[in-house]
Amino acid sequence: MSEPVFPAVRLRRLRRNEAIRSLVRENSVTMNDLIYPIFVEEGLDNPSPIGSMPGMFRIPENKMEAEIKSIYKDGVKAIMMFGVSHHKDEVGSDSWKRNGLLARMVGRAKDAAPEMVVIADSCFCEYTDHGHCGVLSEGTVHNDHTLANLAKQAVIAAEAGADVIAPSSMMDGQVQAIRSALDESGYEDISIMAYSSKFASCFYGPFRSAAGCELKGDRKAYQMDPFNGREALRESLQDEEEGADFLMVKPGLPYLDVLARLRERTLLPLVVYQVSGEYAMIKFAAAAGALDEKRAVRETLGAFKRAGADLILTYFARDIAREGF
Ligand code: PBG
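Scoring rules and cut-offs
Residues numbered from 1 in each chain as written. Predicted model: local features only at pLDDT ≥ 70, side-chain atom pairs only at ≥ 80, totals over all residues. Heavy atoms only, no water. Helix = DSSP H or I, 4+ residues; strand = E, 2+ residues; numbered from the N terminus. Rg over C-alpha atoms; globule rule 2.2 N^0.38 Å. Areas by Shrake-Rupley, 256 points an atom, 1.4 Å probe, with all protein chains shown as cover. Lys, Arg positive; Asp, Glu negative; His and termini not counted. Charge placed at Lys NZ, Arg CZ, Asp CG, Glu CD. Near = heavy atom within 4 Å. Polar contact = N/O pair within 3.5 Å; in protein donor to acceptor, adjacent residues only side chain to side chain. Nonpolar A, V, L, I, M, F, W, Y, C, P; charged D, E, K, R; others polar. Phe/Tyr/Trp six-rings, centres within 6.5 Å; stacked < 30°, edge-to-face > 60°. Buried < 20%, exposed > 50% of the residue type's maximum accessible area, 1.4 Å probe, protein only. Lys NZ or Arg CZ within 6 Å of the ring centre and 35° of its normal. Contact = heavy atoms within 4.5 Å. Core = buried A, V, L, I, M, F, W, Y, C linked by side-chain atoms within 4.5 Å. Expected span 1.5 Å × (residues − 1).

Summarise the overall build of the chain; cite the residues concerned and give the values.
In terms of regular secondary structure, the chain is built from 11 helices and 12 strands. Taking 2.2 N^0.38 as the reference for a compact globule, 325 residues should give roughly 20 Å; the C-alpha atoms of the chain span a radius of gyration of 20 Å, in line with that estimate. Seen through its principal axes, the chain has C-alpha atoms that stretch 70 × 45 × 40 Å. Only carbon and sulfur atoms are counted for the fraction: they give 51% of the accessible area of the chain, which is about 15200 Å². Counting 39 positive and 47 negative side-chain charges, the chain places the centres of these two groups 9 Å from one another.

This is the structure:
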């Protein structure tokens, strides 16, 4: 039996007005779906605007409490924390010190807003003097030495009160290493949000100046080739096998195909990261009068939902909390 066609079918009937359109809308975005990434800098006195990300600031560590409370009061329910370190070394050891920046900022965030979900980005590029995501050996990042450090870092973050650990260094076996370290230390209830399909992308450019982690060279020996889709599925499914509780695709808009294909293959909650460059493109285009910011945000977040994302990491989360969607 074939489907009836025009003139019996008129698809425009369900688009006649907003009331009808909202009845048949297939996806929605609420604050329950959004995670807000923030930057915390030690040794800073006042919030410092991030030039490449208009509207975003580095939060001074010593003014964190008030800022975190206000973010929570605005309606943000989950944050991803990035540290801007003044104590960098070859391996990023500050990140696994009990009184290092990572532990302090996680602890202070949790104290300021105990009900808010605090997610610790688990990587080294913010804490190494060379800017790579792990331990360098013969000009490249040594996978297994980095795993050992990731394990220490994850336990420190959990001890400080992190609800979720989000490994983003793209080391092989990172989810397994973190899962066993957490379990051995009694943190079997702390979940892992794996940056599982993370591409070597130019769209992280603004983040690197925001987090003070510019590097010589690139991350192509560990982050994924933007031309590869099947490999992204393998990466993600490996992370699921290793015990990830969430999978992530990053960046967002250029990788909607990966998101949609992964949605067909996993039952885990799926996260997408609308990264700094995607944020900057919308902000600068809107400032130049080339497009309407609110509509661009709505359309891109709607696209993530349509492609299968459950959760969205976005620098627009706080604006949405304040002004609606
Ligand atoms: C750390 C990390 C990066 C981002 C999130 N975690 C930078 C990178 O991999 O170069 C980028 C986020 C963004 O661009 O918004 N590895």
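Next comes the rest of the description.
Please set out the site of the ligand residue by residue, giving values where relevant.
Around the ligand, the structure places 19 residues, and the nearest of them are Lys198, Arg208, Lys250, Ser276 and Tyr315. For the ligand, a nitrogen atom lies 3.4 Å from a polar atom in the side chain of Ser168. A distance of 2.7 Å separates an oxygen atom of the ligand from a polar atom in the side chain of Ser276. When isolated, the ligand has an accessible area of 400 Å², and the protein chains bury 100% of it. Breaking the shell around the ligand down by element, the ones donating at least two residues are strand E9 (191-198) and helix H6 (205-210). Among the residues making up the shell around the ligand, the classes are represented as 11 nonpolar, 3 polar and 5 charged.

Describe the packing of aromatic side chains, listing the residues and the values that go with them.
Following the criterion strictly, the structure yields 10 aromatic pairs and no others. Ring geometry for Phe199 versus Tyr255: centroids 4.0 Å apart, planes at 15°, classification stacked. Here Phe199 is found in the loop between E9 and H6, whereas its partner Tyr255 is found in the loop between strand E10 (246-250) and helix H8 (256-263), with 56 residues between them in sequence. With 6.1 Å between their ring centres and 45° between their planes, Tyr273 and Tyr315 make a pair best called tilted. Here the residue Tyr273 occupies a position in strand E11 (residues 270-274), and Tyr315 occupies one in the loop between strand E12 (311-314) and helix H11 (317-323), the gap between them amounting to 42 residues. Take Tyr273 and Tyr315: they sit in the same class, and that class is buried. Grouped by ring-pair contacts, the aromatic residues Phe39, Phe82, Tyr195, Phe207, Tyr273, Tyr279, Tyr315 and Phe316 constitute a single cluster. Above the plane of the ring of Tyr204 lies Lys198, whose end atom (NZ or CZ) is 5.7 Å from the centre.

Account for the environment of Leu44, naming residues and giving values.
Counting through the fold element by element, Leu44 comes out in the loop between strand E1 (34-41) and strand E2 (48-49). Judged by relative accessible area, which is 15%, Leu44 ranks as buried. Residues Leu44 and Lys294, spaced 250 residues apart in sequence, show a C-alpha to C-alpha distance of 32 Å. Apart from residues no more than four positions distant in its own chain, Leu44 is found in contact with Arg58, Ile59, Pro60 and Asn62.

How would you sum up the nonpolar core? Please name residues and give values.
In terms of nonpolar packing, the biggest core is built from 104 residues, with Phe39, Ile79, Met80, Met81 and Met193 touching the most fellow members. For this core, the element with the most residues is helix H3 (residues 101-112), which contributes 7 residues. Filtering out sequence-adjacent residues up to four positions away, Met80 remains in contact with Ile35, Tyr36, Pro37, Ile38, Ile119, Ala120, Asp121, Ala166, Met193, Tyr195, Met248 and Leu313.

Hey, could you go over H3 for me, with residue numbers and the actual values?
For H3, with 12 residues, the first-to-last C-alpha span of 16 Å sits near the 16 Å given by 1.5 Å per residue. For H3, the set of buried residues is Leu101, Leu102, Ala103, Met105, Val106, Gly107, Ala109, Lys110 and Ala112.

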